[in-house]
Every structure is written in structure tokens, then in C-alpha cells.
Amino acid sequence: MIRDHIPLGVGFYPDWFNKHYDISFGREYYFDPEVRIEARMEIEKRLYERFGDVGLGNPDPEPKPLITFGMVMLPTIFGCEIIYKDDALPWAMPLNLSADEVMKLEVPDIFNSYPMTEIIKQIEYLKNKYGEVVGDINTTGVQNMALKIRGDQLYFDFYENPELCHHLLKICTESIIQLFEFNHKTTGTGAIDVTPMCDPKLYVFPNCTAEQISLETYESHILEYDNQVADACHPVGIHHCGSVDEVLDGYAKVRHLEFVEIGFGSDVKRTREVFGPDVAVNARISPVLMKNGTPEEVAAEVRLLIDNGAPLDNFSIDTVGLTYGTPDENVRTALQTAAEYGKLDRDVSPAAGKRFFYGSAKVATPVESSVASATKTVVIGPSRPLVIIGERINPTGRKKLAESLEDGNLDLVRSEAIRQVEEGAHILDVNVGVSGIDEPKMLKEAILAIQEVTDVPLCIDSALPKALEAGLNAYKGKALVNSVNGEKHKLEEVLPLVKEHGAAVIGLTMDDNGIPKEAEKRLEIARLIVDRAEQAGIPREDVIIDPLAMAISADDQAGLETIKALQLIRDELGVNQTLGLSNISFGLPERTAINAVFLAMAVLNGLTCPISDPTTWEMRRATLLTDLLLGKDEFCMNYLSFSTKKSGKGKKIETEVKEEEHEGADLERIKEAVISGKRKLAVEYTKKALDQGADPQDIINNYLISGLNIVGEKFEKKKIFVPEMMMAAKSMQACVDLVKPLLEKEEDAKGLGTVVLGTVFGDLHDIGKNLTKLLLETSGFRVIDLGENVPADKFVDAARENNAHIVGLSSLLTTGDPHVEETIHAIKNSDLADKVKVICGGAALTLKFVEACGADAHAKDAADGVKKIKKMLGIN
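Because the structure is predicted, anything quoted here is derived from the model rather than measured.

Undergrad: Help me understand the sheet that holds strand S1 (residues 8–12) in this model?
TA: Paired through backbone hydrogen bonds, the strands of a sheet run either parallel or antiparallel to each other. With parallel pairing, six strands are arranged side by side in an open sheet as S1-S10-S9-S8-S7-S6. Every interior strand has two partners, whereas the edge strands, S1 and strand S6 (203–206), have only one. Mean inter-strand twist for the sheet, computed between neighbouring axes without regard to direction, equals 20°. As defined by bridge partners, strand S9 (residues 280–285) adjoins strand S10 (residues 315–322) across five bridges and the pair is classed as parallel. Bridge pairing links isoleucine 285 to threonine 319 in S10.

The following block contains the structure:
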């Protein structure tokens, strides 16, 4: 049949059929071919009854002599225990072999091993009775298989034991090739048991766990073996769970590739660009959206995928893992939207999935801004040299300055003002925000003191309107106010002050929802601020927008989004723009070099008055060179003047800055080593800090936990992956082991309480659980970690045996929902009901769902989980 629209596959998880129609997917389904045939026929009938109007099912199905064994054949042959349940897919428990055991492994005799011998008997039976056999046996992927054998230790092996990795991966590869060849010889297919969305003759291998590694790890450890499979069995396809974005460029190096199945969250547009039109793409819709979203949200997601999926003749969509509770209407909506919106002859708008390019069709007329002291005016504009706003009069991260402000001593404020002006600052930012002081009074006194020693204009910086008012009252001239933003109360409180005092104002592109990631949304906030300022009688030229530089260590696209925002704001609004440049490099080595390059990029796109440290010669030189190369330094006089002045002096400035920051440098190195997963360095720095008298509790609270929190944030944003996360956790634990014996009041073995943690049955994901475990242990809790894929009764038994106070359930996917519910009910219906509280967390779990199941708390992340557990136990 010739189709006129893209196909959309619907895949229900076993629990959907089991709970709706009592169809079992237990052990008998896989070992008795007649049971399986009857079950498949029943499935077709039930689907037709329910969704026949949108093309699913068959009212009168023929027997289908199908072979299948889930993704557990090879794991079973290698010795993994397999768990079968009526409402779940079969699951292979990891062997967790030791290094010695792995090095002794050889390729098994697959076709004389159980349960392959049973499948071969089934094949003969089906051929004799039905004259044919269809389907195939899922081979699993190379890394998937290696993880079943070695367990999570494989992720450490990537870094610490590459010889073992290659030995194990070679054995897995050879086993997979043998099973692929058997499939094709038997049924002519190699894809059916993985996905129905491609040519069944392809050899499709599941790379479900590749989402957990970086591109570098994939290319250095896994790609070689994927290509060995591809060379032996082709053409190939790849099934990838989750976002494919990180390893996309690695998959482009897989030979003989004709199909890729990408998980929800993937950049479909870029996938098409990387592979070109000849590689078929199947994009998956999140089962969380399908279960918890509205029909309108489902339709929007289908349309978005289609908009980005061209060419549509070899593009498809799949809804996979739909669990019990998924609304029928969402299934119908997905199918109907694909049929109506996914016509093969439709014109897919090129605007969909639009990527950023420099340049704009319409450019606003640029304005010039001015600020002034009693005797000096500074003009800011895109055609003028850069205006430097000195950032050093700010106690954040500067212990000596904070202490002097607490003491009411303004000598350091005066000296910093003088020093920054000497080094080229045109405007000075003045911030005295220290907890516990009278900020309005101190800001007024600081402004008066600075005006005594320098005549440059000032930028009055405070989050408190009363402090801003006090500063403006004391200031002589036209000040720059730092800052207002898109929050309603900020606009209402700050803009009248700016207008009253005839000042200029910095507008931050954030609002009540925080700092938007997308440049376009920052433009919207900038537009709002400019519009509201003009309504208040403040001219556009007196509004300077800060589109906010965010740390690229936490989001490697943050720099690009800021550059985009600068350009969009410049082109549409024409206003001047500032940035706190040092934010971009937070958490990275060689920060000054990063800041300098970013400065040049930002100036090309609209930055006119950066906030930076002029006493760092590299940054001052970067501003001079930028002006020089953009034709804003006539006869190169500014550059030549400062270069002569700085010859032989640059090192002195750098030394002065480093001496001030030295006190916390060694402790910061501990955190940086944890973040980068350098265990030996982390331990070395910790020992050194302890030898120098550092407080052990301070090391744990402010550097180790802080470092691991950053790692957790980077992991959530997919800037690092499971191996890096685990190495960081291992580094932290090594430091904790070193520090804890030195604590003055170490808790006893029971600590603050006992917590049983585990990932629910059917779910292998455990990173969030592991992070929670580490945070709990370092907080003083005793943690019983049950691992992943944990049945309900095991949670109950462990809680009872260990006198637990809390049971924590983790679940990443909606397939775990019924097991979350089952486990909570098992606990609440046991003798533990009045003794144990239950907390749940994970990407698929919502507060509404876990409360309906009877849980006592819901955690949005690991840190939140620790807070909630402490609260439930009455711990401050």
C-alpha cells in the first residue's frame, strides 16, 4: 500500500496489556510459542477494539509464528539472572564480574547454550507447523552487553583499565555478530525485535546506554566495535534511547548506516543535517509526555518533529513504552496529527528548526548613552572605544573587602577605586552588599568616599531599592543604576528612582521565571524593559541592557546564546549593552584567556561597556586590541600608550590579585579536581589543605558537596555523562574518607538516621540515586543502597531488617510508575506503615502522581531529596 503521510508507530509497554486485558508477558510467553501466538492474536484484537478507528489492530488476525526473546538472550548465555514478570519486559541483572573474571572470558558457544537451545527448538516447531518463522532475537549492543557483564565498573574501566575494556568489548562484538548472522539465516531479518519502524532486513543494534557517555568516550572505546559489527553485518541501523545529540557525530562515523532511531529530546534537525537525506530517521516521543501531557501538547510535539524531519519520505515517529494510564485520546491525537500534518507532499517550512546565523534583515538605529560625575562625562556607543566598568568594588568572593565593609573601614574601597582608574576603568561599579550591614548607609558612605579620590562616573549597584535611593541621593552627577530586570516589582520599584534622579539604568534579561536559556526570550525581556522605561519617561539611550553571560562550564551552549542575544538586542533595539564577562569562564582553568576571547566575540555583536577587572593586564590588553582592530584607536595611540606603561608591570598586577585570592585557592582546587573526576589530585589537594589547618567540615560542606552539586547540574544538562559523573563521585568519596576521621563530632554508625535507597523494578538508571546516596552519607545518614531494578518486596525487607526511617524510590521512566505504586503500597500495607516514610524522585515522577500513590514526599533532585528527608525527620 502506498502511503501519503509519515508513519507513526504506537508501542505499549507490557503493563498496559496486562492491566487492561490480563495478557501475560511472563516466562511462558518466551518459552512456549503457542502461548506467544495466542497472546499476539489477542493483542491485535484488543487494539482494534480500542483504536481500530485510527488504524491500530486487526479484528481477525492470523496466527503469527513469531520468535522473540527481549534483549536478554546474550546476557542469559553469559550467566545473567533473568527476571520475568507478567507486566514487564524480561530484565537481565548485571553479573558485575571482577577484573580477573572478565580477563578470563571467552566467546561462548552460543548455539549450544541455554536458552538458545530452547529457541532453536521453537524455530523447528514453528517451521514444521506453520511452514515459516518470523521475527528475530534482539542482539543488544556492544556497550549494553559489556555493562551486563561488568556492571557500572565499566565506566571506571574506561579511564583506569582500557585493556580490560577492549578485551570485554571484543568478546561482546563477536557474540553479537554470531547472533545477527543466525537471525538473518533463519528469518532474513535483524530489526523486528528492536523496532518496527525500519526495513526489517537491516541489522539494528540497540545502543540504549550510549546516552550515558560522551562523544569522546564513544569514539575512543565503542565506535571501533560498532564498526566491526557493521562491517560483518550490513546495512546497519542504530537504536538509541534518549537524546542522541552528544554522540551524533560519532554515529556519523559508523559504516554502512542506513537507519537511526533517536530518543526523545534529540535535535531532529541536526540529525538530518549530520546524516543527510539517505539515512532514514525515526524520532521517538517521550512516554512521559504521552502519559501526562494534554492532547494539545502531544499534537504540538508531533508537528514539531515533522517540521524538523524533512525529507519526510524516510522519516517516521514512534510512541514507545506507553504504560498503563496513558490516555487513549493522546494515542489518537498522535496518530491523527501524523496523518494530517505529516503529508509527504507538504511544504515543510524552512523556518521550523531555524538555526542562528549572523546578520539581520532589519537593524535599529544605534544610540549613545552618557553617564557623568560632577566633572567628567563618559559616552558609550558602538562607534566609540569600549567603556570599561570596573568590577572590583564588590565584596562577593572577596573576603578582605567584605571584612573591611563590616568594620566600616572604607580604605580598601578608596584604594580599589584609585587602582582601577589607574588601570583604565572609565566607570566604577560600587556594590557593598554584605549580610548584616546597613546597606543603604554603607553605600552612601562608599560613594562619598570614592568621589573624594576619583572623578570617574559611578555605577550604583544594589538589589535593594532603598540602598539605590540612598546612593543616588549622595551621588553628584548622572549615575548608572545597576540594575532593573523584567520582574514586575523590580520595574515598579526601580524605574521611578531612575527617572527621579535623571540616571541611566542597566536592565538584566531575567524575569519572574529566572534567566531564560534562549536568546529570543532574553530579547523579549529586553524589549519589555526598554518599553517600560520609555513609558516612565526614561529615554531609550539611558537604558543599557545586560543579556547575562552564563557559565559555559555548566552549559557549553551558554556562550553562543549570549552572543545571539547581544546581536538580536543590538539589531532590534539599538541600545548599548554590558556583560559581566568573568561569568562565562566560571569553573574552568585559564579563565582570563577565555574571558579575553569572549570579549572580542561579544564586541562584534553589540557589547559596548563590559564589566570587568581592569587590573588584570590580559583583560585590559584584550579591550585595547579589540578597539585597535575595529578601527577605534586612532594611530594606535591608546594601545601603544598602555603597552609602554605596562612593560614589566603586568606580572606585578597578576601577582597582587593572586595573593589576595590565595587563601581559598587550595580549597578551590579540591572542588575543581572533584568536578573533573581527578581522584588522585583531589586527595592530594585535600591532604595539603588539612596539613595547612583547613577545617575538615568546611572542606566537606563548601568544597566537596559544592563540587558534586556542580557535577550533578552538569549531568542534568548533559554537559557530562555517566562515566564522568561516576569518576567525580569516586573522587569526592576518596576525599570524604580522608576528612571524616578528623571531624570533631563524627556521628555514630547510625548517624542522623537510616535511609534505604533503590531504583524501582524495571529501571536500570541509578545516577540520581547514587548522587542522593553520596549527599546523604556526607550529611551523616546511614544509607542502605539496594541498587537498581529492585522489586517491591526487597524494599520492604531491607527497611525492616535495617530499622529504616526513610525509603527512597528512584524511577527515570514511566515504565516504572506501576512499580513505584506497588512498592509504596507494599510499604504502607506492611507493619512498617507507621515507622517508615517514603520519598520518590526521578524524571518521570510528578508530585501529583507520588502523592496519589501514598508517598510522603517528592524530590525534584538529589539536593532537594536530602532537604526533604531532613525535614521529615525533624533535622535542622
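Undergrad: Is there a simple way to think about the nonpolar core in this case?
TA: Grouped burial of nonpolar side chains is what soluble globular proteins tend to show. Among the nonpolar cores identified, the biggest contains 101 residues, and Ile137, Tyr251, Phe315 and Ile317 are the most heavily contacted of them. No other element matches helix H9 (residues 162–187), which puts 11 residues into this core. Leave out the neighbours within four places in its chain, and tyrosine 251 touches Asn207, Ala210, Tyr218, Ile238, His240, Val244, Leu257 and Phe275. Counting 48 residues, the second largest nonpolar core, distinct from the first, contains Val413, Val434, Leu468 and Val530.

Undergrad: Honestly, the packing of helix H22 (residues 558–573) against helix H23 (residues 591–604) in this entry has me stumped. Any pointers?
TA: Packed helix pairs are specified by the crossing angle of their axes together with the interaxial distance, meaning the distance between the axes. The contact between H22 and H23 brings their axes to 9 Å, and the two run at 25°. Considered as vectors, H22 and H23 are oriented roughly parallel to each other. The element H22 and its partner H23 pack so that their crossing is right-handed. Contact residues: Gly559, Thr562, Ile563, Leu566 and Arg570 in H22; Phe598, Met601, Ala602 and Leu604 in H23. By residue class, the composition of the contact of H22 with H23 is six nonpolar, two polar and one charged.

Undergrad: Help me out: how do you make sense of the pattern of salt bridges in this one?
TA: Any two side chains of opposite charge can pair, given that their charged atoms come close. According to the stated counting rule, one finds 39 salt bridges in the structure shown. Where arginine 46 meets glutamate 49, a salt bridge forms, and the shortest distance between an N and an O atom there is 3.2 Å. On the criterion of helical spacing, the pair formed by arginine 46 and glutamate 49 is a turn pair, its members being three residues apart in helix H3 (residues 33–51). One connected set of salt bridges, linked through shared partners, spans Arg392, Arg398, Glu416 and Asp613.

Undergrad: What am I meant to see in the state of the cysteines here?
TA: Structurally, a disulfide amounts to a covalent bond that connects the sulfur atoms of two cysteines. For the structure on display, the rule yields zero disulfides. With no disulfide of its own, cysteine 198 lies closest to cysteine 208 among cysteine sulfurs, the gap being 14 Å. Cysteine 609 takes part in no disulfide bond, and the closest cysteine sulfur, belonging to cysteine 459, lies 8.9 Å away.

Undergrad: Just checking my understanding: could you explain helix H34 (residues 862–872) for this structure?
TA: The periodicity of an α-helix, 3.6 residues per turn, causes residues three or four positions apart to be oriented the same way. Of all the positions in H34, only Ala862, Asp864, Gly865, Val866 and Ile869 are classed as buried. Once H34 ends, the next one or two residues include glycine 874, with phi positive near 70°.

Undergrad: When you look at the sheet that holds strand S19 (residues 576–577) in this model, what are you seeing that I'm missing?
TA: Spatially, S19-S18-S17-S16-S15-S14-S13-S20 is the arrangement adopted by the eight strands of the open sheet, whose pairing is parallel. Whereas interior strands pair on both sides, the edge strands pair on one side only; in this sheet they are S19 and strand S20 (611–612). For strand S17 (residues 504–508) and strand S18 (residues 543–546), the ladder comprises four bridges, and the chain directions are parallel. Within S18, the position partnered with isoleucine 506 by the bridge is isoleucine 544. Packing of helix H17 (residues 411–422) onto the sheet brings it into contact with strand S13 (389–393) and strand S14 (427–430), and relative to S13 it is tilted by some 150°.

Undergrad: What is the right way to read the packing of aromatic side chains from this model?
TA: How two aromatic rings sit relative to each other is given by the distance of their centres and the angle of their planes. One pass over the structure, following the stated rule, counts 18 aromatic pairs. Plain terms: the ring middles of tryptophan 16 and tyrosine 21 are 6.0 Å apart, the flat faces sit at 65° to each other, and that makes the pair edge-to-face. With relative accessibility at 0%, the residue tryptophan 16 sits in the buried group. The exposure class assigned to tyrosine 21 is buried, which follows from its relative accessible area of 19%. For the pair tyrosine 30 and tyrosine 84, a centre-to-centre distance of 6.2 Å together with 45° between the ring planes defines the contact as tilted. Here tyrosine 30, found in helix H2 (residues 27–31), pairs with tyrosine 84, found in strand S3 (residues 82–85); they are 54 residues apart in sequence, far enough to count as distant. Note on tyrosine 84: relative accessible area 23%, which makes it partly exposed. Grouping aromatic residues by their ring pairs yields a cluster made of Phe12, Trp16, Phe17, Tyr21, Phe25, Tyr29, Tyr30, Phe31, Phe51, Phe69, Tyr84 and Tyr114. Above the face of the phenylalanine 156 ring, lysine 730 is positioned so that its terminal group lies 4.5 Å from the ring centre.

Undergrad: Explanation requested: helix H7 (residues 142–150) in the structure shown.
TA: With nine of its nine residues buried, H7 lies for the most part within the structure. For H7, the complete set of buried residues consists of Val142, Gln143, Asn144, Met145, Ala146, Leu147, Lys148, Ile149 and Arg150. At the C-terminal side of H7, glycine 151 shows a positive phi close to 80°.

Here is what the cut-offs are and how they apply
- Residues numbered from 1 in each chain as written.
- Predicted model: local features only at pLDDT ≥ 70, side-chain atom pairs only at ≥ 80, totals over all residues.
- Heavy atoms only, no water.
- Pairing = 2+ DSSP bridges.
- Helix = DSSP H or I, 4+ residues; strand = E, 2+ residues; numbered from the N terminus.
- Axes fitted to C-alpha atoms, helices over the stretch in contact; angles between N-to-C directions.
- Core = buried A, V, L, I, M, F, W, Y, C linked by side-chain atoms within 4.5 Å.
- Buried < 20%, exposed > 50% of the residue type's maximum accessible area, 1.4 Å probe, protein only.
- Contact = heavy atoms within 4.5 Å.
- Parallel < 35°, antiparallel > 145°, perpendicular 65-115°, else oblique.
- Left-handed = near helix turned anticlockwise from the far one by under 90°.
- Nonpolar A, V, L, I, M, F, W, Y, C, P; charged D, E, K, R; others polar.
- Salt bridge = Lys/Arg side-chain N within 4 Å of Asp/Glu carboxyl O.
- Disulfide = S-S within 2.5 Å.
- Phe/Tyr/Trp six-rings, centres within 6.5 Å; stacked < 30°, edge-to-face > 60°.
- Lys NZ or Arg CZ within 6 Å of the ring centre and 35° of its normal.

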